Amino acid sequence: MPHPLSSLGIAHTLISLIPLVAGLHGFARWRRIEPSTRSGQVYLAGLALSVFTAFGLSSVTGVNPGHVLGVLALLAAFGGAWVAPRLGVLGRLRPYAQTFGLSFSFFLLLVPGINETLTRLPVAHPLATGPDDPVVKAALLGWLLVFAVGFALQGLAIRAENRAGSR
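Conventions adopted
Residues numbered from 1 in each chain as written. Predicted model: local features only at pLDDT ≥ 70, side-chain atom pairs only at ≥ 80, totals over all residues. Heavy atoms only, no water. Helix = DSSP H or I, 4+ residues; strand = E, 2+ residues; numbered from the N terminus. Rg over C-alpha atoms; globule rule 2.2 N^0.38 Å. Buried < 20%, exposed > 50% of the residue type's maximum accessible area, 1.4 Å probe, protein only. Contact = heavy atoms within 4.5 Å. Phe/Tyr/Trp six-rings, centres within 6.5 Å; stacked < 30°, edge-to-face > 60°. Expected span 1.5 Å × (residues − 1). Axes fitted to C-alpha atoms, helices over the stretch in contact; angles between N-to-C directions. Parallel < 35°, antiparallel > 145°, perpendicular 65-115°, else oblique. Left-handed = near helix turned anticlockwise from the far one by under 90°. Nonpolar A, V, L, I, M, F, W, Y, C, P; charged D, E, K, R; others polar. pLDDT = per-residue confidence, 0-100. Patch = residues over 30% accessible without salt bridge, like charges linked within 9 Å, V, L, I, M, F, W, Y side chains within 5 Å. Areas by Shrake-Rupley, 256 points an atom, 1.4 Å probe, with all protein chains shown as cover. Salt bridge = Lys/Arg side-chain N within 4 Å of Asp/Glu carboxyl O. Core = buried A, V, L, I, M, F, W, Y, C linked by side-chain atoms within 4.5 Å.

1. What to know about the overall build of the protein
Now for step 1: Helix and strand counts for the protein stand at five helices and zero strands.
Now for step 2: Here the protein has a C-alpha radius of gyration of 17 Å; the compact-globule value for 167 residues is 15 Å, and the two agree.
Now for step 3: Expressed as a percentage of its 167 residues, the buried residues of the protein come to 37%.
Now for step 4: Across the protein, contacts joining residues at least 24 apart in sequence account for 61% of those joining residues at least 6 apart.

This is the structure in structure tokens:
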């Protein structure tokens with residue numbers, strides 16, 4: 001039987017649903033997370049809260065891979081939202097860099113979520129035993145493919161928008 005969630009674990013899980021839903025809304029509505037929209041702002045705030053609450057969760061002391069993924073997700077999200085649009089050196093690549101940063105942060109948000117879900121559900125007999133389980137590895141590989149294809153489609157959409165705008 002899997003380890004039960006602590007109160008902080010339950011709070012973290014619920015908080016983590018905020019950027020998940022906001023990100024999905026952005027992808028459905030604009031094909032990307034738009035930091036200038038309400039859902040984009042909710043995504044960024046929810047992601048920050050999710051990462052900060054994750055710092056209190058760990059079965060080992062010190063920094064663990066989940067903490068590192070959280071910091072990387074924050075760097076990617078806020079780098080994409082705030083830094084990439086201001087880097088003149090990127091030129092026409094700015095919208096691609098912004099979209100990549102935010103999409104990559106969404107990808108990273110779900111990496112520990114996939115592992116935790118597969119190792120905890122169904123409660124009586126979880127689908128996986130840990131992060132090295134083949135089920136987790138296959139799910140993460142599938143998620144990586146979804147990210148790669150999704151970003152390629154986002155890039156094509158940005159290119160089409162740029163071409164339509166320059167006519």
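Now that the structure is up, let's keep going.
2. Overview of the packing of aromatic side chains
Now for step 1: Under the criterion given, the structure shown has 12 aromatic pairs.
Now for step 2: Ring geometry for Phe-104 and Phe-107: centres 5.9 Å apart, planes at 20°, overall stacked. Of this pair, Phe-104 and Phe-107 both sit in helix α4 (residues 94-120), separated by three residues, roughly a single helical turn.
Now for step 3: Chaining the aromatic ring pairs together yields one cluster made of Phe-27, Tyr-43, Phe-100, Phe-104, Phe-106, Phe-107, Trp-143, Phe-147 and Phe-151.

3. Focus on helix α1 (residues 7-30)
Now for step 1: Compared with an ideal rise of 1.5 Å per residue, which puts 24 residues at 34 Å, α1 spans 35 Å between its outermost C-alpha atoms and is within 8% of the ideal.
Now for step 2: For α1, the full list of buried residues reads Gly-9, His-12, Ser-16, Pro-19, Ala-22, Gly-23 and Gly-26.
Now for step 3: Buried residues along α1 sit against α2 (38-54) and α4.
Now for step 4: Arg-31 sits one or two positions beyond α1 and adopts a positive phi of about 70°.

4. Here we look at the packing of α1 against α2
Now for step 1: Running from N to C, α1 and α2 cross one another at 155°; their axes reach a closest spacing of 8 Å. Judged by the angle between their axes, α1 and α2 are roughly antiparallel. Pair α1 / α2 crosses with left-handed handedness. Across the interface between the two elements, Leu-8, His-12, Ile-15, Ser-16, Ile-18, Pro-19, Ala-22, Gly-23, His-25, Gly-26 and Trp-30 of α1 pack against Ser-39, Val-42, Tyr-43, Gly-46, Leu-47, Leu-49, Ser-50, Thr-53 and Ala-54 of α2.
Now for step 2: Residues that form the contact of α1 with α2 fall into these classes: 11 nonpolar, nine polar and no charged.

5. Considerations on unusual backbone geometry
Now for step 1: Here Leu-121 and Pro-122 are connected by a cis peptide whose omega angle stands at -10°.
Now for step 2: Along the polypeptide, Pro-122 turns up in the loop between α4 and α5 (134-165).

6. Some words on the confidence of the model for the protein
Now for step 1: With 96% of its residues at a pLDDT of 70 or more, the protein shows a mean pLDDT of 93.
Now for step 2: Ranking the helices and strands of the protein by mean pLDDT puts α2 first, with 97, and helix α3 (residues 65-83) last, with 95.

7. Concerning a nonpolar patch on the surface
Now for step 1: A cluster of nonpolar residues, Phe-52, Phe-55, Val-63, Val-68, Val-71, Leu-72 and Leu-75, forms a patch on the protein surface that exposes about 660 Å² of accessible area.
Now for step 2: Structurally, Val-71 can be placed in helix α3.
Now for step 3: By relative accessible area, which is 38% here, Val-71 ends up partly exposed.

8. Focus on the nonpolar core
Now for step 1: Counting residues in hydrophobic clusters, the biggest one holds 24 residues, and the most contacted among them are Tyr-43, Leu-47, Leu-102, Phe-106 and Trp-143.
Now for step 2: Elements with a minimum of two residues in this core: α2, α3, α4 and α5.
Now for step 3: Sorting elements by how many residues they give to this core places α4 first, with nine residues.

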